[in-house]
Number of protein chains: 4
Amino acid sequence: MIVLNGGSSSGKSGIVRCLQAILPDPWAAFGVDSFVEALPAGLRGAEEGITFGADGAVRVGAGFRRLEAAWREGIAAMARAGARIVVDDVFLGGPASQERWRRALTGLDVLWVGVRCDGEVAAGREIARGDRTGGMAATQARLVHEGVTYDLEVDTTRAESLECARVIAARVG
Amino acid sequence: MIVLNGGSSSGKSGIVRCLQAILPDPWAAFGVDSFVEALPAGLRGAEEGITFGADGAVRVGAGFRRLEAAWREGIAAMARAGARIVVDDVFLGGPASQERWRRALTGLDVLWVGVRCDGEVAAGREIARGDRTGGMAATQARLVHEGVTYDLEVDTTRAESLECARVIAARVG
Amino acid sequence: MIVLNGGSSSGKSGIVRCLQAILPDPWAAFGVDSFVEALPAGLRGAEEGITFGADGAVRVGAGFRRLEAAWREGIAAMARAGARIVVDDVFLGGPASQERWRRALTGLDVLWVGVRCDGEVAAGREIARGDRTGGMAATQARLVHEGVTYDLEVDTTRAESLECARVIAARVG
Amino acid sequence: MIVLNGGSSSGKSGIVRCLQAILPDPWAAFGVDSFVEALPAGLRGAEEGITFGADGAVRVGAGFRRLEAAWREGIAAMARAGARIVVDDVFLGGPASQERWRRALTGLDVLWVGVRCDGEVAAGREIARGDRTGGMAATQARLVHEGVTYDLEVDTTRAESLECARVIAARVG
């Protein structure tokens, strides 16, 4: 099991696709974005769910948290059932977020990977993508890593997704 | 927990979104399409994974099945952890597919829903969508229901997604 | 040249894809949605560009109008250069919108098609799609047809996209 | 009018979005990808239309070329009608492709921009995107630039989209 943590537009999804391409066994990829898509439309933009502030701040409410906790249990169960899973998440709560994953993944072999990207560079990539709320990349670039511990860190500021994926793959059994 | 089964272009996703909109509690939606997206690109179009024949026939291999089994365990674990989940699937194996879900969902309260659609109408909708392999709708329309048992069946041939969702919602606690 | 006019979620895109599938010659499809995607992100949600009110009301500003006028000239030029073109639009300005197209398309052979859908049904389909601002379907259902004249009208309330496309195709040389 | 030419996965779309964000006036963006989406599904994968070989080779047929020629006339007409337009294309025919654009854009002020990217790096980004036929990036990296002349060239191998956009924007009136 691999858990990638990084801010918005830090390049997590690209690394995940490269990992899936280069790892010899098939790995399934589940990211927080796919979880958000699984939510009722009514929870997007609602206080109870998830809101995106004009300044790029992301807030989640109790309804979101309850489903998210169950989702983590589900991901853990997939891994326990034998699937190789790579998760990408944005630890908005820093070490508290990591602790929630750690508890859910108890007994599983996890490689914790930090995906860093300079805030200014990530903000530029956010503009280039054009599909994200402006400001998230800059806001999250450092925040999501504070107090989090990793087995491995990669930095996409200057390294390509595929290079980062190779570094991670070298640490996978 | 709600499990919808129906052929390609029978209208499952539309019903799921309407269910999420009208049910009073938040329900998370996971469909077989989101599972396929979680797979490595290399499994799509590969014998080991999932292949789409020119005639609309879908074949899945051993690699696909192993990850799919783990995915079902994960969905079950999310429900056991307290999440309200609606799943939509295409029972390519008919009763064998249902049996696999039944085993994974042991102990959970499940509403089994068949989503029917006349094959010719579904084939027309497949053309209107423009994003699916031609022939799947016609091939699957009856096949996926053979030998499967339901608590409830809806038919989108003449009923709108929202109407079908209302019929289903009335049966949910 | 075919111009389809209808409210949001009335089923224009589905009809267009079916038309492209059944017409013997290749027709290129350009819709107002593709034009909106061509705009700078900064014009979406801006008074100068296009805004979507919480109630489903759509407002466009001067910057939008200027580029839209040029876009219509471009579409007309494609048709004059020999391409078979089907356009789908939402005549927010009713007859004024039609007049703008009429002027741009001077000298071209145009089939004007109204795509009607009962407002309540369209609102249900808007929920089923899940990707549109709520309220647009209901707001636009009648509004966009007021004062507009057609060669042909189809109604998707009860007819499938493919059936509507067949009726239209029968009128195309 | 700005015309960007570069191979698949060279980063054209990201540069276009950044240009739209930083240029003071609103620019509309039309790319060859949006043109391909406007085609009937039946032309994708057909000899008459556009085919993607297993090795990344792209072939276009007579039906494609006819509509493409009309599309270029349309883009030119939009620019003549006063719209600021940025086009991104893949000059599969090298100088012949450029000559076709040049003729269509007669009388217009055009900034020709080459978007280069090292073939190996572009191939890695193609994997990271996950939505493109493998091999296109490597095949096209040099090919599309052979014999083409530019006012300006940018190289995304080491420069970010936003940096490249700034260099281009500095040359726009």
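Before reading further, recall that the structure is shown in the block above.
Keep in mind that this is a model prediction, so the values were computed, not measured. Residue numbers run consecutively from 1 along every chain, following the written order of its sequence. Each chain takes a letter, starting from A, and each ligand takes a number, starting from 1, following the order in which they are written. Selection of residues for local features in this predicted model requires a pLDDT of at least 70, selection of side-chain atom pairs for listing and counting requires 80 or more, and totals for whole chains, interfaces and linings are taken over all residues. Side-chain descriptors were evaluated using all non-hydrogen atoms of the structure, hydrogens and water having been removed beforehand.

We call two residues contacting when some pair of their heavy atoms lies within 4.5 Å. With 20 residues of chain A at the interface, the matching set in chain B holds 20 residues. Summed over both partners, the accessible area lost on bringing two parts together, with a 1.4 Å probe, is the buried area. The junction of chain A with chain B conceals about 1,700 Å² of combined surface from both sides, 79% of it contributed by carbon and sulfur atoms. Salt-bridge detection follows one rule: a side-chain nitrogen of Lys or Arg within 4 Å of a carboxyl oxygen of Asp or Glu. At the boundary of chain A and chain B, one finds zero salt bridges. Where helices and strands are cited, they refer to DSSP runs of H or I of at least four residues and of E of at least two residues respectively, numbered from the N terminus. Where the side of chain A that touches chain B is concerned, the elements lending two or more residues are β2 (28-31) and α3 (62-80) of chain A. Broken down by element, the residue count for the side of chain A that touches chain B peaks at seven residues, all from α3(A).

Each of the two copies of the chain can be brought onto the other by a rotation about an axis and a shift along it. In the superposition of chain B on chain C (RMSD 0.0 Å, axial shift 0.0 Å), the rotation amounts to 180°. Within this description, the copies of the chain are treated as partners about a two-fold rotation axis. Across chain B, the rotation axis passes nearest the C-alpha of R158(B), at a separation of 3.8 Å. Residue by residue, 100% of the interface of chain B is reproduced at the interface of chain C, so both copies engage with the same surface. Here the copies are superposed with least squares, the fitted atoms being C-alpha atoms of residues at a pLDDT of at least 70 in both.

Before going further, it helps to spend a moment on the side chain of E160(C). For E160(C), the position within the fold is in the loop between β7 (152-155) and α7 (161-169). Leaving out residues up to four positions away in the same chain, E160(C) has contacts with V121(B), R125(B) and T157(B).

With an RMSD of 0.0 Å, chain A superimposes on chain B once it is rotated by 180° and translated 0.0 Å along the axis. Here 100% of the interface residues in chain A have copies in chain B that are interface residues too; the copies meet face to matching face.

With that settled, consider the arrangement of the chains. Considering only C-alpha positions, the minimal separation of the non-contacting chain A and chain C is 7 Å. With respect to C-alpha atoms, chain B approaches chain D no nearer than 7 Å, and the pair has no contact.

This part takes up the pattern of salt bridges. All names here are of chain B. Throughout the structure, instances matching the rule amount to 28 salt bridges over all chains. For R84, the salt bridge is made with D25, and the minimal N-O distance between the two is 3.5 Å. Of this pair, R84 sits in the loop between α3 (62-80) and β5 (85-89) while D25 sits in the loop between α1 (12-22) and β2 (28-31); the two residues are 59 residues apart in sequence, bridging distant segments of the chain. Only protein chains enter the accessibility calculation, which uses a 1.4 Å probe; a residue is then buried when its area is under 20% of its type maximum, exposed when over 50%, and partly exposed in between. Note on R84: relative accessible area 35%, which makes it partly exposed. Given a relative accessible area of 35%, D25 falls into the partly exposed group. Put simply, E48 and R66 hold a salt bridge, and the shortest N to O gap is 3.3 Å. Here R66 lies in helix α3 and E48 lies in the loop between α2 (32-38) and β3 (50-52), a separation of 18 residues in the sequence. Among the residues examined, E48 registers a relative accessible area of 36% and is labelled partly exposed.

The next point concerns the packing of aromatic side chains. Two aromatic rings from Phe, Tyr or Trp, using only the six-membered ring of Trp, form a pair when their centres are within 6.5 Å; if the ring planes differ by under 30 degrees the pair is stacked, by over 60 it is edge-to-face, and anything between is tilted. Within this structure, the stated rule accounts for 12 aromatic pairs over all chains. Through pairs of rings, three or more aromatic residues link up here, namely F35(A), F64(A), W71(A) and W101(A). Both a distance and an angle decide whether a charge sits over a ring: NZ of Lys or CZ of Arg must be within 6 Å of the ring centre and within 35 degrees of the ring normal. Above the face of the W101(D) ring, R72(D) is positioned so that its terminal group lies 5.9 Å from the ring centre. Note that R102(D) overlies the ring of W112(D), its terminal NZ or CZ placed 5.3 Å from the centroid.

Turning our eyes to something else, we now look at helix α5 (residues 119-129) of chain B. Among the residues making up α5(B), those that are buried are V121(B), A122(B), G124(B), E126(B) and A128(B). On its buried face, α5(B) is in contact with α6 (136-143) of chain B together with α1 (12-22) and α7 of chain C. The definition of a polar contact used here is a pair of N or O atoms within 3.5 Å, where within protein one atom must be able to donate a hydrogen and the other to accept one, and adjacent residues in sequence count solely through side-chain atom pairs. The backbone nitrogen of E120(B) has a side-chain oxygen 3.1 Å away, supplied by the residue at the start of α5(B), namely D118(B).

This brings us to the environment of A159(C). Residues and elements named next belong to chain C. Tracing the backbone shows A159 in the loop between β7 and α7. In this structure A159 comes out as partly exposed when scored by relative accessible area, which is 23%. For the pair formed by A159 and G49, sequence separation is 110 residues and the distance between their alpha carbons is 35 Å.

Let us now look at the interface of chain B and chain C. Each partner contributes residues to the interface: chain B has 16 residues there, and chain C has 16 residues. For the pair chain B and chain C, the summed buried surface comes to about 1,000 Å²; carbon and sulfur atoms form 63% of the total. Inspection of the chain B/chain C interface yields two salt bridges. In this structure, E160(B) engages R125(C) in a salt bridge whose closest nitrogen and oxygen atoms are separated by 2.7 Å. If you look at where chain B meets chain C, you find six residue pairs in polar contact (both at pLDDT 80 or more). Of all the secondary-structure elements, those providing two or more residues to the side of chain B that touches chain C are α1, α5 and α7 (161-169) of chain B. Of all the elements, α5(B) adds the most residues to the side of chain B that touches chain C, at six residues. Amino acids are sorted into nonpolar (Ala, Val, Leu, Ile, Met, Phe, Trp, Tyr, Cys and Pro), charged (Asp, Glu, Lys and Arg) and polar (every other residue, Gly among them). A per-class count over the side of chain B that touches chain C returns six nonpolar, six polar and four charged.

All names here are of chain B. For two strands to count as paired, DSSP must find a minimum of two bridges between them. Pairing is parallel across the open sheet formed by five strands, whose spatial order is β2-β5-β1-β6-β7. In this open sheet, the two edge strands, each paired with only one partner strand, are β2 and β7 (152-155). The mean inter-strand angle of the sheet, taken between neighbouring strand axes irrespective of direction, is 20°. Inspection of the sheet shows β2 paired to β5 by four bridges, in the parallel sense. Bridging from a neighbouring strand, F30 pairs with V87 of β5. Fitted lines through C-alpha atoms serve as axes, helices being fitted only where they are in contact, and the angles separating the N-to-C directions of these axes extend from 0 to 180 degrees.

Residues and elements named next belong to chain C. Count a disulfide wherever a pair of cysteine sulfur atoms falls within 2.5 Å. For the coordinates displayed, the defined rule picks out zero disulfides over all chains. Take C117: it sits in no disulfide, and the sulfur closest to it among the cysteines is that of C164, at 9.5 Å. Of the residues examined, C117 reaches a relative accessible area of 7% and is grouped as buried.

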